[in-house]
Amino acid sequence: MVTFFVAFLVSLLVALVLTWRVRERALAWGWLDQANSSRKVHVRAVPRLGGIGIVGGFFAPLCALFLVDSGVGDQFVSQTSLIVGLFVGGAIIAALGFYDDLKGAGAKLKFSVQLAVALGLYALGFRIEVLANPFGAELTLGLLSLPLTVVWVVGVINALNLIDGLDGLAGGVAFFGVGTHFLLALMRGDVLLCLLMVALAGAILGFLVFNFNPASIFMGDTGSMFLGFVLAAVSIKTSSKSGTAVALLVPVMALGLPIMDTLLAMVRRSLLGRPMFSADKEHIHHRLMSRLLLSHRTTVLVLYALCTLFMVTALALHFANSLQSALLLSGVGVVIMVLMRKLGYLDMRHIGAVHQTRHRNLELRSLVRSVTSAVRAAGSFQEVWNAVRPLSQGLSLSALELRLRRPHEDVNAGVVFESQHPDAGAEAALEVRLDVRLDVKEEQTLLGALRLVWRDGRAAIDRDEELALEVVADAVAERVGQLVALEAAEPERIIALRR
């Protein structure tokens with residue numbers, strides 16, 4: 001127990017110091033998460049990369065075990081596959097998250113790296129080979145062990161990443177998962193798992209000091225993906241030593257909230273024709289705030305309570321027989337159904353509009369793909385405008401305007417491209433006009449603006465169209481920044497700025 005306490009204290013202190021230092025450096029160097037998107041809940045720029053504190057806090061006491069002569073340390077060092085899997089895999093996932101926080105990583109790169117790490121874990125013996133069945137005998141997976149292990153690792157990594165939408169939420173959710181595994185390991189006498197979990201718990205709490213609402217730093221993908229990786233890997237490695245109830249059922253229940261939120265997001269986006277990896281504001285925490293009118297902090301506390309329910313259920317399942325397990329799962333299922341109904345996920349009144357929305361979103365995705373592809377291939381400001389112009393017809397606009405400028409120019413300088421379509425929406429009352437402006441910004445540098453006008457009677461922009469336009473604006477900002485940099489590097493290339 002002394003070793004556990006020391007490991008917890010070391011991880012807590014290291015996480016505190018590292019998170020504080022990263023926050024100060026992020027503020028000085030401009031490593032900030034800007035509140036420049038409708039997808040953001042925060043309203044001011046907040047330092048990111050706080051996950052560095054979690055990663056450092058977790059590894060610090062574990063690395064110290066190599067230098068200290070102790071019984072726990074000897075057991076830890078003897079587990080070669082555990083060390084290689086957690087240290088190498090964790091370092092790779094943390095590096096991927098760090099790169100994504102700084103430069104931005106596409107979905108293909110993220111999933112490629114996550115898939116490679118999951119396959120590496122499987123080769124090292126991190127395998128789901130038995131599936132729990134509370135209603136009968138356990139199920140041996142055989143050849144299905146590999147795909148299920150990969151799905152579990154990649155799924156949990158991304159589930160923690162998706163749930164990271166409010167101050168203190170992802171860290172708190174992970175802490176409850178860690179607490180579940182620690183208590184189960186303590187009851188089984190699994191010293192190594194206890195050590196890993198107290199180290200991760202200390203790192204999370206050290207970070208939450210700065211991240212709980214109002215947050216002064218975000219964990220970013222560095223932290224959320226790393227937490228998901230460690231929880232996924234540890235649950236696989238240790239559940240194989242336990243009874244059938246822990247074979248997969250208890251880890252699933254311990255991470256019930258992020259898994260449920262991820263499954264809902266996948267179903268929702270599939271039905272509505274939205275990109276599977278696009279951001280939206282329809283997650284459980286968003287709906288608690290919008291439908292139940294809860295504050296930011298109250299929403300997080302309510303979700304902590306839900307995590308407590310999942311935690312208690314997971315612990316109870318560990319000791320329950322088949323009948324008791326069935327009753328427990330049925331009770332949790334009822335609670336989940338009531339929650340889903342309250343949040344509007346089971347509202348059937350608008351089911352008829354789903355097909356129409358799906359068809360519209362598929363057309364919108366096709367339009368955005370073609371526009372952004374043309375924007376990235378543009379060789380001048382004029383070509384950028386030519387690439388953007390199809391938005392007029394695709395979105396039934398009455399006016400479209402694109403303002404572009406160089407960073408050193410006055411705000412009112414630069415060039416203005418515009419097109420008018422007075423017949424668009426002529427059937428609607430002409431006095432109803434919706435004017436939407438999106439800044440074209442690269443980090444903090446304002447490079448222009450995209451302005452769209454509708455006269456079709458709408459009072460607000462469609463949420464899917466808003467998200468699509470933000471993607472277009474980001475693509476325009478990226479390309480304009482590249483063109484300006486190219487002009488500076490090659491002065492003989494003059495990009496004409498004529499209307």
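See the structure shown above.
Nothing here was measured: the structure is a model prediction, and the numbers come from that model.

A. Just the packing of aromatic side chains, in detail. Tallying each qualifying case throughout the model produces eight aromatic pairs. Plain terms: the ring middles of F59 and F87 are 4.9 Å apart, the flat faces sit at 50° to each other, and that makes the pair tilted. Here F87 lies in helix α4 (residues 80-102) and F59 lies in helix α2 (residues 51-64), a separation of 28 residues in the sequence. On the basis of relative accessible area, F59 is assigned to the buried category, the value being 13%. Taken together, a centroid distance of 6.5 Å and an interplanar angle of 80° make the contact between F175 and F176 edge-to-face. Residue class for F175 comes out partly exposed when judged on its relative accessible area of 29%. Assessed through its relative accessible area of 17%, F176 is described here as buried. When the ring centre of Y122 is taken as origin, the NZ or CZ atom of R127, which lies over that ring, is 4.3 Å away.

B. A look at the sheet that holds strand β8 (residues 445-454). Sheet architecture is open: four strands sit in the order β6-β5-β8-β7, paired in antiparallel fashion. Edge positions in the sheet fall to β6 (415-420) and β7 (434-442), since each has one partner strand and no second. Across the sheet, the mean angle separating the axes of adjacent strands is 10° when strand polarity is ignored. Pairing of β7 with β8, which is carried by nine bridges, proceeds in the antiparallel orientation. Note on β8: the bridge partner recorded for L434 is W454.

Conventions adopted
Each residue is numbered by its place in its chain's sequence as written, counting from 1. Whole-chain, interface and lining totals are the exception, using all residues; otherwise, since this is a predicted model, local features are given only for residues with pLDDT of at least 70 and side-chain atom pairs are given and counted only at 80 or more. Neither water nor hydrogens contribute to the side-chain values; these are computed over all heavy atoms in the structure. Working definition: a ring pair exists when centres of Phe, Tyr or Trp rings (six-membered ring for Trp) sit within 6.5 Å. Plane angles under 30 degrees give stacked, over 60 give edge-to-face, the rest tilted. In this text, helices come from DSSP runs of H or I with a minimum length of four residues, and strands from runs of E with a minimum of two, each type numbered from the N-terminal end. Think of it in three bands: with a 1.4 Å probe and only protein chains considered, a residue is buried below 20% of the maximum accessible area for its type, exposed above 50%, and partly exposed in between. Remark: a charge is flagged as sitting over a ring if the NZ atom of Lys or the CZ atom of Arg is within 6 Å of the ring centre and within 35 degrees of the ring normal. Any two strands between which DSSP finds at least two bridges are classified as paired. Between N-to-C directions, angles cover 0 to 180 degrees, with each direction set by a line fitted to C-alpha atoms, over the stretch in contact for helices.

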